[in-house]
Amino acid sequence: MRDNSWESKADEFSLYGFTDLPSVHERGTVVVTHGKGPYIYDTHGRQYLDANSGLWNMVAGFDHPGLIKAAQDQYARFPGYHAFFGRMSDQTVMLSEKLVEVSPFASGKVFYTNSGSEANDTMVKILWFLHGAEGKPQKRKILTRINSYHGVTAVSASMTGKPYNSVFGLPLPGFLHLGCPHYWRFGRPGETEEQFTARLAAELEATIIKEGADTIAGFFAEPVMGAGGVIPPSKGYFQAVAPILKKYGIPLIADEVICGFGRTGATWGCETYDFQPDAVISSKNLTAGYFPMGAVILGPDLANRVQAASEAVEEFPHGFTASGHPVGCAIALKAIDVILNEGLAENVNRLSGRMEAGLAQIAQNPNIGELRGVGYMWALEAVADRATKTPFDGKLSVSERIANTCTDMGLICRPLGQSIVLCPPFILTEAQMDEMFDKLDKALKKVFAEVA
Ligand SMILES: *Cc1c(COP(=O)(O)O)cnc(C)c1O
């Protein structure tokens with residue numbers, strides 16, 4: 001029945017994304033009005049520490065004065081423009097120069113989108129365009145991994161290695177999912193981590209030989225899988241796969257939408273894991289969540305080849321109305337400065353060891369099977385039995401119950417499969433981290449006492 005509450009209006013007029021509907025109908029929507037530092041506030045005035053940074057992206061918190069001013073100033077100066085037909089805003093020019101400067105590449109070119117999904121979609125179209133122009137129209141298949149997350153458009157959802165996309169009849173043909181580099185979960189009995197990595201590399205090479213290198217357009221990987229459950233690569237993973245891709249002429253694209261700009265402690269996840277991609281996909285932290293924006297950053301080889309292909313057909317027929325939006329670019333310029341030069345990435349570096357130690361303490365709970373992560377991105381995986389790594393019965397919705405219990409205590413964290421994910425804003429202080437530990441520990445103990 002409709003009453004006049006925010007919760008019932010939300011329910012009546014909005015479709016929810018990735019939301020457990022029975023749970024939200026029972027508990028009510030959290031309607032958020034504003035934020036302060038890493039905290040958000042709802043219509044009842046309740047405060048929550050958002051240990052999820054919104055959706056990984058609000059890394060500078062919810063009221064950063066410099067970012068707000070950058071937006072306001074740019075709106076006053078020039079509130080909107082495109083990047084078509086040989087025109088683009090001055091902010092766009094400056095941001096591209098800055099992005100190439102801070103990228104893992106000595107030179108390159110940038111293309112803008114409104115989201116991470118569109119950036120992956122764009123990268124796939126760039127590869128199809130490029131291979132077609134180079135006389136290899138068959139070179140179209142896309143390789144990703146099981147449990148990877150690359151977005152929700154028809155193409156990026158096809159890249160995403162999660163079973164839920166079957167409700168859309170996805171993936172599209174030609175999107176192949178390789179093994180997930182999660183040793184704790186997928187390592188075989190008696191297999192060392194090195195052997196596990198070698199097995200995944202052998203699977204990649206066997207797939208390339210079976211499909212034919214000339215049918216494969218590119219390989220996309222998150223340095224650390226984010227929405228798949230915070231899964232760092234197994235030891236030596238990228239050092240094993242990168243040479244195979246190179247040998248067969250398959251571009252390696254790093255989807256840095258979560259890792260990029262400080263989440264792992266370095267500017268890029270590929271720096272943390274020491275590999276050289278051919279292109280980088282950025283979004284989320286790119287504007288610290290203050291504007292919807294994504295970017296494809298091509299390294300020198302792909303940039304030169306796309307340039308040559310575009311000149312051959314006289315144009316690259318692709319672009320979004322708001323690609324390179326001047327307000328988004330002005331915000332991104334400020335966000336990059338704030339993250340890299342105002343101590344945010346440094347804070348992640350300084351406190352990631354403290355975060356790991358505090359979570360390791362909590363992970364001594366016998367119902368936690370694994371603690372994994374890096375920088376300011378961590379997951380605790382719940383298990384019914386630690387020795388056998390047996391998960392809880394899915395019907396118990398253990399991770400959802402933990403997250404709901406945390407929410408009731410004023411802490412936002414995210415259930416992902418049987419894991420609880422913590423990816424707080426980079427501004428998180430020691431005291432706020434302790435608040436997170438305390439609430440999480442209490443919630444875990446409460447829920448495990450109920451289900452064990
Ligand atoms: C969030 C995410 C995307 C999709 O970005 P949207 O802006 O939600 O479209 C793509 N890749 C990775 C790694 C992500 O985490």
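Residues numbered from 1 in each chain as written. Predicted model: local features only at pLDDT ≥ 70, side-chain atom pairs only at ≥ 80, totals over all residues. Heavy atoms only, no water.

Convention followed: UniProt positions are given in the numbering used here, feature names are shortened, and annotations may be inferred rather than shown by experiment.
Looking at an unreviewed UniProt entry, the protein chain carries the name Aminotransferase class III-fold pyridoxal phosphate-dependent enzyme, with the source organism given as Paenirhodobacter ferrireducens. UniProt, in its Cofactor (unreviewed entry) section for the protein chain, records the words "pyridoxal 5'-phosphate". Regarding the protein chain, the UniProt comment filed under Sequence similarities (unreviewed entry) reads as follows: "Belongs to the class-III pyridoxal-phosphate-dependent aminotransferase family."

## Quick word on the overall build of the protein chain
Defined as follows: A run of H or I in DSSP becomes a helix once it reaches four residues, and a run of E becomes a strand once it reaches two; helices and strands are each numbered from the N terminus. We take the radius of gyration over the C-alpha atoms and set the globule estimate at 2.2 Å times the residue count to the 0.38 power. Partly exposed residues are those whose accessible area sits between 20% and 50% of the maximum for their type, while under 20% is buried and over 50% is exposed, using a 1.4 Å probe and protein chains only. The contact definition used throughout considers only heavy atoms, calling two residues in contact when any of these lie within 4.5 Å. Shrake-Rupley sampling with a 1.4 Å probe provides the accessible areas, and residues are treated as covered by the protein chains on show and by no other component. Lys and Arg are tallied as positive, Asp and Glu as negative. Neither His nor the chain termini are counted. Just so you know, the charge point we use is NZ for Lys, CZ for Arg, CG for Asp and CD for Glu.
The secondary structure content of the protein chain amounts to 16 helices and 15 strands. Here the C-alpha atoms of the protein chain give a radius of gyration of 22 Å, agreeing with the 22 Å that 2.2 N^0.38 yields for 452 residues. Along the first, second and third principal axes, the C-alpha atoms of the protein chain reach 65 × 60 × 45 Å. A burial count over the protein chain gives 55% of its 452 residues as buried. Excluding contacts between residues fewer than 6 apart, the proportion of contacts in the protein chain whose partners are at least 24 apart in sequence is 72%. Accessible surface computed for the protein chain: about 19400 Å², of which carbon and sulfur atoms make up 56%. Separation between the mean location of the 40 positive side-chain charges and that of the 49 negative ones in the protein chain comes to 2 Å.

## Focus: the side chain of S53
Counting through the fold element by element, S53 comes out in helix α3 (residues 53-56). Overall, the relative accessible area of 0% leaves S53 in the buried class. In this structure S53 touches M58, F62, R263, C423, P424 and P425, once residues within four positions along its chain are discounted.

## Thoughts on the environment of V374
Looking at the element boundaries, V374 is found in strand β11 (residues 368-374). Given the relative accessible area of 15%, V374 is considered buried. With 111 residues separating them along the chain, V374 and R263 place their C-alpha atoms 8.2 Å apart. If we ignore the near neighbours within four places in the chain, the residues touching V374 are V224, R263, T264, T272 and Y273.

## Re the layout of surface pockets
Remark: the empty space left among the atoms is shown by a probe the size of a water molecule rolled over them. This is how the line gets drawn: The way it works is a 1 Å grid over only the protein atoms, where trapped points that fit a 1.4 Å probe form a cavity and open points with protein on both sides within 12 Å along at least five of seven lines form a pocket, and then any residue with an atom within 4 Å of a point lines it. Grid points are joined across faces, edges and corners, and a volume is the space filled by probe spheres set on the points. When residues are grouped by polarity, Ala, Val, Leu, Ile, Met, Phe, Trp, Tyr, Cys and Pro land in nonpolar, Asp, Glu, Lys and Arg in charged, and all others, Gly among them, in polar.
The space that makes up the second largest pocket amounts to roughly 850 Å³. Contributing to the lining of the second largest pocket are 28 residues, with A83, M88, V110, F111 and F316 lying nearest its centre. For the lining of the second largest pocket, the secondary structure elements donating two or more residues are α5 (90-102), β4 (109-113), β10 (294-298) and α12 (300-313). Across the lining of the second largest pocket, the residue classes tally to 15 nonpolar, nine polar and four charged.

## Thoughts on the site of the ligand
Counted only if it meets this: Summary of the distance rule: residues count as near a molecule or strand when at least one heavy atom falls within 4 Å of that molecule or strand. Whenever a nitrogen or oxygen atom comes within 3.5 Å of another N or O atom, the pair is scored as a polar contact, on the condition that within protein one atom can donate a hydrogen and the other can accept it, and that pairs from neighbouring residues in sequence are kept only if both atoms are in side chains.
Taken together, S115, G116, S117, N120, Y149, H150, G151, E222, D255, V257, I258 and K284 make up the full set of residues adjacent to the ligand. Within the side chain of S117, a nitrogen or oxygen atom sits 2.5 Å from an oxygen atom of the ligand. Note that a nitrogen atom of the ligand is positioned 2.8 Å from one of the side-chain N or O atoms of D255. Across the complex, the protein chains shield 84% of the 380 Å² of accessible surface that the ligand would expose by itself. Here the shell around the ligand gets three residues from one element, more than from any other, and that element is helix α6 (residues 116-133). Of the residues contributing to the shell around the ligand, the split by class is three nonpolar, six polar and three charged.

## Some details on the sheet that holds strand β12 (residues 377-382)
Filter applied, for reference: Two strands make a pair as long as DSSP finds a minimum of two bridges between them. Where helices are involved, their axes are fitted lines through C-alpha atoms of the stretch in contact, as for all axes, and angles between N-to-C directions lie from 0 to 180°.
Spatial ordering of the open sheet is given by β11-β12-β15-β14, a layout of four strands whose pairing is antiparallel. In this open sheet, the two strands that pair with only one neighbour each are β11 and β14 (414-416). On average, each strand axis in the sheet is inclined to that of its neighbour by 25 degrees, with strand direction left out of account. The pairing of β12 with strand β15 (residues 419-422) spans four bridges and is classified as antiparallel. Across the sheet, the residue bridging to E381 is S419, located in β15. In the packing of helix α14 (residues 344-362) onto the sheet, contacts are made with β11, β12 and β15, and the angle to β12 comes to roughly 10 degrees.

## Section: the domain arrangement of the protein chain
Convention followed: As annotated, the domain borders come from an automatic or database domain assignment. Note on definitions: buried area is the accessible-area loss of two parts on being combined, 1.4 Å probe, summed for both. Take a side-chain nitrogen of Lys or Arg and a carboxyl oxygen of Asp or Glu: if they are within 4 Å of each other, that pair is a salt bridge.
Under the domain assignment, the protein chain is made up of domain 1 (31-63 + 343-451) and domain 2 (68-341). Look at where the C-alpha atoms of domain 1 and domain 2 centre, and you get two points 27 Å apart. Every contact between the two is made by 34 residues of domain 1 and, on the other side, 29 residues of domain 2. Summed over both partners, the interface of domain 1 with domain 2 comes to about 2600 Å²; 63% of that surface belongs to carbon and sulfur atoms. Three residues, W56, M377 and K389, lead the burial of domain 1 against domain 2; their summed loss comes to 24% of the area buried on that side. Our enumeration of links across domain 1 and domain 2 arrives at one salt bridge. As a salt-bridge pair, E381 and R185 come within 3.4 Å of each other at their nearest N and O atoms. Counting across the interface, domain 1 meets domain 2 through 17 residue pairs in polar contact (both at pLDDT 80 or more). Those elements that place two or more of their residues in the side of domain 1 that touches domain 2 are α3, α14, β11, β12 and β14. Ranked by residue count, the leading element in the side of domain 1 that touches domain 2 is β11, at five residues.

## A few points about a nonpolar patch on the surface
Which entries qualify depends on this criterion: For patch detection, residues must exceed 30% relative accessible area and be free of salt bridges, and they are connected within 9 Å for like charges or within 5 Å for nonpolar side chains (Val, Leu, Ile, Met, Phe, Trp, Tyr).
On the surface, F18, V152 and Y164 cluster together into a nonpolar patch covering about 320 Å² of accessible area. Structurally, V152 can be placed in the loop between β5 (141-145) and α7 (154-159). The class for V152 is exposed, based on a relative accessible area of 51%.

## Quick word on the pairing of β10
The buried fraction of β10 amounts to five of the five residues, a majority that puts the element mostly inside the structure. By the alternation rule, side chains of β10 split into G294, V296 and L298 and A295 and I297, which are all buried. Judged from the five bridges that link them, β4 and β10 form a sheet pairing that is antiparallel. Bridged to K109 within β10 is L298. As paired elements, strand β9 (residues 279-282) and β10 share four bridges and run antiparallel to each other. Paired with I281 across the two strands is V296, which belongs to β10.

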